[in-house]
Amino acid sequence: MSELVLVKLGGSVITDKTRAETARPGVISRLAREVAAARAEQPELALVLGHGSGSFGHRAAQRFGTRLGVDGRDGWRGFAEVAIVAARLNRIVADAFQEAGVPVWPLQPSASARCDGGQMVSMDVVPVAKALEHGLVPMLYGDVALDQSLGGTIVSTEQIFSYLASQVRPDRVILVGTVDGVFDDDPLLEPAACQIPEISAANWPSVKARLGESHGVDVTGGMIAKVEEMVALARRLAGLEIQLISGEPVDALKKALLRSERPPAGTTIRS
């Protein structure tokens, strides 16, 4: 492997988060083709793909309050429903990548992920390592998980990546959303919102005070939680580069993967 990159396709870019269970098949297929093109130009590039649940898992989880814990007959039925809905979106995404020629292996996080108090404490990473060893692209996604304190909860793709990164030591992480990185306000609602080009441990406290939540329904904490998870990861893994970019412009993901001379606009997080 010349480089290992973890790539998350945010629920905001692969679904319409304002409408229940509404995928964006055209965008998903285009992103799949961009990944395929990047791999064709750089065959030694190793990837782990992940995606959010967007208007699929997040809406179901909000309805049942799954993130906050699971208890009782209705709670556990809701837990199972969230898992089914999240897997439904994963099937859509995996099929698109397979059609584009990317050899994805979808892996269900809830089969082995364990949490305590909403924090991820373990997950079987052997399938991910084996997939990379044999030239496959493991694909993970936001899912439910058993929780020692809460019964059950939701694990975001960022939490999964954060845990996984400590095991497989990636060179980069790319988070793909609808906007060009991190802004001090929601740019979809406030045109005057200012982009924050770089975040580090030093400026994170002041940046955090300026951030709002993400656009649409997001039970895993919105933009603040996502960025905070990545800042903590950058602190733990020296030299790791984390990019937050928009997947809306054509070839933005491909350029990011190939380190284009004209990289897409966005925000970079470093230790």
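Residues numbered from 1 in each chain as written. Predicted model: local features only at pLDDT ≥ 70, side-chain atom pairs only at ≥ 80, totals over all residues. Heavy atoms only, no water.

With respect to the overall build of the chain
- A tally of helices and strands in the chain yields nine helices and 14 strands.
- The C-alpha radius of gyration of the chain comes to 17 Å, within 12% of the 18 Å expected for a compact globule of 271 residues.
- Each principal axis of the C-alpha distribution contributes one length, and for the chain these read about 55 × 45 × 35 Å.
- Every one of the 271 residues in the chain was classed for burial, and the buried ones make up 53%.
- For the chain, long-range pairs separated by at least 24 residues make up 76% of all intrachain contacts whose partners lie at least 6 apart in sequence.
- By element, 50% of the accessible surface of the chain is carried by carbon and sulfur atoms, the whole surface being about 11,700 Å².
- For the chain, the separation between the mean place of its 28 positive charges and that of its 32 negative charges on side chains is 2 Å. (Helix = DSSP H or I, 4+ residues; strand = E, 2+ residues; numbered from the N terminus. Rg over C-alpha atoms; globule rule 2.2 N^0.38 Å. Buried < 20%, exposed > 50% of the residue type's maximum accessible area, 1.4 Å probe, protein only. Contact = heavy atoms within 4.5 Å. Areas by Shrake-Rupley, 256 points an atom, 1.4 Å probe, with all protein chains shown as cover. Lys, Arg positive; Asp, Glu negative; His and termini not counted. Charge placed at Lys NZ, Arg CZ, Asp CG, Glu CD.)

Details of the side chain of Thr268
- Along the polypeptide, Thr268 turns up in strand E14 (residues 266-269).
- The class for Thr268 is buried, based on a relative accessible area of 16%.
- Not counting residues within four places of it along the chain, the set of residues in contact with Thr268 comprises Pro197, Glu198, Ile199, Glu241, Ile242 and Gln243.

Here we look at the nonpolar core
- Grouped together as the largest cluster of nonpolar side chains are 40 residues, with contacts concentrated most on Val48, Val173, Ile199, Val227, Ile242 and Ile269.
- Contributions of two or more residues to this core are made by strand E1 (3-9), strand E2 (45-51), helix H5 (126-133), helix H6 (157-168), strand E9 (172-177), helix H7 (204-208), helix H8 (222-236) and strand E13 (241-246).
- Those residues in contact with Val227 that sit more than four places away from it in its chain are Val182, Ile199, Trp204, Leu211, Leu244 and Ile269.
- Of all hydrophobic cores here, the second largest spans 32 residues; its members include Ile14, Leu89, Ala94 and Ile174. (Core = buried A, V, L, I, M, F, W, Y, C linked by side-chain atoms within 4.5 Å.)

Here's the deal with H5
- When H5 is considered as a whole, its buried residues turn out to be Val128, Ala131 and Leu132. For H5, the arc enclosing every buried residue in end-on projection is 95 degrees, short of the 170-degree limit, so these residues lie on one face.
- At its buried positions, H5 is contacted by E1, E2, strand E3 (104-106), strand E6 (137-141) and H6.
- Immediately beyond the C-terminal end of H5, within one or two residues, lies Gly135, with a positive phi of roughly 80 degrees. (Arc of directions from axis to C-beta.)

Considering the environment of Pro205
- Along the chain, Pro205 turns up in helix H7.
- Look at Pro205 and you get exposed, because its relative accessible area is 52%.
- A sequence separation of 23 residues divides Pro205 from Glu228, and the C-alpha atoms of the two residues are 9.9 Å apart.

Things to note about the sheet that holds strand E8 (residues 151-155)
- One open sheet holds the four strands; their spatial order is E5-E4-E7-E8, and the pairing between them is mixed. In this open sheet, the two strands that pair with only one neighbour each are strand E5 (119-122) and E8. The mean inter-strand angle of the sheet, taken between neighbouring strand axes irrespective of direction, is 50 degrees.
- Relative to E8, strand E7 (residues 143-147) is paired through five bridges, and the arrangement is antiparallel. (Pairing = 2+ DSSP bridges. Axes fitted to C-alpha atoms, helices over the stretch in contact; angles between N-to-C directions.)

Considering the environment of Ala192
- Tracing the chain through its elements places Ala192 in the loop between strand E10 (182-183) and strand E11 (195-196).
- When the C-alpha positions of Ala192 and Met230 are compared, they lie 25 Å apart, and in sequence the two are 38 residues distant.

Observations regarding unusual backbone geometry
- Phi at Arg169 is positive, roughly 50 degrees, even though this residue is not glycine.
- Relative accessible area serves as the criterion here: at 53%, Arg169 is assigned to the exposed category.
- Its identity is not glycine, yet Arg259 carries a phi of approximately 55 degrees, on the positive side.
- Residue position: Arg259 is located in the loop between helix H9 (252-257) and E14.

A word on the packing of helix H2 (residues 25-41) against helix H4 (residues 72-99)
- At a minimum axis separation of 8 Å, H2 and H4 run at an interaxial angle of 45 degrees. As the angle between them shows, H2 and H4 are arranged oblique. Where H2 crosses over H4, the two elements pack in a sense that is right-handed. For the pair H2 and H4, the contacting residues are Ile28, Ser29, Leu31, Ala32 and Val35 in the first and Ile92, Val93, Ala96 and Phe97 in the second. (Parallel < 35°, antiparallel > 145°, perpendicular 65-115°, else oblique. Left-handed = near helix turned anticlockwise from the far one by under 90°.)

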